[in-house]
Amino acid sequence: INAEYMGFFLGQIKKRMAAAPTPCPKISDLIAQKKAAGEKFFSFECFPPVTPQGVTNLLQRLERFAVQKPLFVDFTWRAGGSSMDVTLELSIECWKTYGMPSNMHLTCTNMPEGMVKAALDRAQAAGIRNIVALRGDPPAGQERWEAATDGFASALDLVKYIRANYGDYFCISVAGYPEGHPDRLPESNVISDADWEIELNYLKEKVAAGADLIITQMFYDVPQFAKFVHDARARGITVPILPGIMPIQNYAGWRRMTAMCKTRIPPQLLAGADAVQEDDNNVKRYGIESGAQFCRDLYAAGCDGLHFYTLNAEPVTYGMMQNLGIYVPSPDCDAQLLPAV
């Protein structure tokens, strides 16, 4: 991202921070309201683009997202804070301009304490009240994750830091891994009983330290997710657990992502994707069909909310929502739907 572009973003952030912010609602409060009313809900996740045109496209997308009335929108964070200004500005725009509560990711990767504090201070000054506290993945080209000098060694450390320095100002989300963290999975991708206990105990520590919400890693095994929720509840974890929904949008990209995350793919799902891999539109149609059924199975398993990993694209997510009966028709959104066969 060039200096002129970053200068524009910094200028926008300073203007917004100079005005008295209207604080964004806390996601934990919004979920409690939905549960009290017996209503289902959904949310979206986006990543910060690396070009000016990409940001323009995403801002237009946010305007369309607002029509769908998600409970909140997540914005991810690139390693070392390289997307800090873009992620922060998108989080502010999402709430101030489009009226959607934002959930700003913050990772420990290559982030010394001073950079973390600067990010949290700017979020607080802008009225952003929701943070996703993550360890983060290793930077590109680095096989193993390492803590930054004067940084944080884990998401748990980050949660503790936020609570110690900002009290209850922020609603803190943390990650959950229904199949186990990739770093702990063997070649079979089936976690051992001993490591499963370690995973759940660590999750409990994050919640005890102040986490208000758990958003899961992508998965496709609903019974395994149900076991994850059951086992978490059995250990006294009572905060909401939202399933992360990663629909199939592009065959090659999906296979790379599932391999990187060591996600178990049910044989029937893989066979269906393999059969249409040569036709991009048919891949998307299969993503809509299989994704909507996955969501129905999650509803049947007791889920009230769904968290859609959109990958900054709308056709498959909207198609799934249409299939589920939660899509709000509008000319601009309808234009993003996959053409009928």
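Predicted model, so just to flag it, every value in this text is computed and none were measured.

(A) Representation of unusual backbone geometry in the model. A positive phi angle is found at Lys-69, which is not glycine, with a value near 60°. Among the structural elements, Lys-69 can be located in the loop between helix H3 (52-68) and strand S2 (73-75).

(B) Layout of the pattern of salt bridges. On inspection of all chains with the given rule, the structure shows 14 salt bridges. One salt bridge in this structure joins Arg-61 and Glu-314, with 3.1 Å as the shortest N-O distance. A residue pair is termed long-range when its members are at least 10 positions apart, and Arg-61 in helix H3 and Glu-314 in the loop between strand S9 (305-309) and helix H12 (315-324) qualify at 253 residues. Each member of the pair, Arg-61 as well as Glu-314, is classed as buried. Taking the shortest distance from any N to any O, the salt bridge between Arg-184 and Glu-199 comes out at 3.0 Å. One end of the pair, Arg-184, is in the loop between strand S5 (171-176) and helix H7 (193-209); the other, Glu-199, is in helix H7, with 15 residues separating them in the sequence. On the basis of relative accessibility, which here comes to 14%, the residue Glu-199 falls in the buried class.

(C) Molecular detail of H7. The terminal C-alpha atoms of H7, which comprises 17 residues, lie 24 Å apart, in line with the 24 Å expected from a rise of 1.5 Å per residue. Every buried residue of H7 is accounted for by Trp-196, Glu-199, Leu-200, Leu-203, Lys-206, Val-207 and Ala-209. In this fold, the buried residues of H7 make contact with helix H6 (155-166), S5, strand S6 (213-216) and helix H8 (222-234). After H7 finishes, the residue Gly-210 shows a positive phi value of roughly 135°.

(D) Quick peek at H3. A rise of 1.5 Å per residue sets the reference length of H3, with its 17 residues, at 24 Å; its end C-alpha atoms lie 25 Å apart and thus fit the reference within 8%. Among the residues making up H3, those that are buried are Gly-54, Val-55, Leu-58, Arg-61, Leu-62, Arg-64, Phe-65 and Gln-68. Two residues or fewer after H3 comes Lys-69, characterised by a positive phi angle close to 60°.

(E) Expanded view of the pairing of strand S4 (residues 130-134). Counting buried positions along S4 gives 5 out of 5 residues, so the element sits mostly inside the fold. Residue alternation in S4 divides its side chains into two sets, Asn-130, Val-132 and Leu-134 and Ile-131 and Ala-133, and both sets are buried. In this sheet, S4 lies alongside strand S3 (residues 102-107) in parallel orientation, the contact comprising 4 bridges. Bridge pairing links His-105 to Val-132 in S4. Both S4 and S5 contribute to a ladder of 3 bridges, which runs parallel. For Val-132, the partnering residue across the bridge sits in S5 and is Ser-173.

(F) Highlighting the packing of helix H11 (residues 280-300) against H12. It is the contact of H11 with H12, at a shortest axis distance of 8 Å, that shows an interaxial angle of 50°. Viewed along their axes, H11 and H12 adopt a mutual orientation that is oblique. Judged by the sense of rotation from one axis to the other, the crossing of H11 with H12 is right-handed. Note on element contacts: H12 touches H11 through Pro-315, Val-316, Gly-319, Met-320, Asn-323 and Leu-324, opposite Lys-284, Gly-287, Ile-288, Gly-291, Ala-292, Cys-295, Arg-296 and Tyr-299. Partitioning the contact of H11 with H12 into residue classes produces 8 nonpolar, 4 polar and 2 charged.

Cut-offs and rules
Residues numbered from 1 in each chain as written. Predicted model: local features only at pLDDT ≥ 70, side-chain atom pairs only at ≥ 80, totals over all residues. Heavy atoms only, no water. Helix = DSSP H or I, 4+ residues; strand = E, 2+ residues; numbered from the N terminus. Salt bridge = Lys/Arg side-chain N within 4 Å of Asp/Glu carboxyl O. Buried < 20%, exposed > 50% of the residue type's maximum accessible area, 1.4 Å probe, protein only. Expected span 1.5 Å × (residues − 1). Contact = heavy atoms within 4.5 Å. Pairing = 2+ DSSP bridges. Axes fitted to C-alpha atoms, helices over the stretch in contact; angles between N-to-C directions. Parallel < 35°, antiparallel > 145°, perpendicular 65-115°, else oblique. Left-handed = near helix turned anticlockwise from the far one by under 90°. Nonpolar A, V, L, I, M, F, W, Y, C, P; charged D, E, K, R; others polar.

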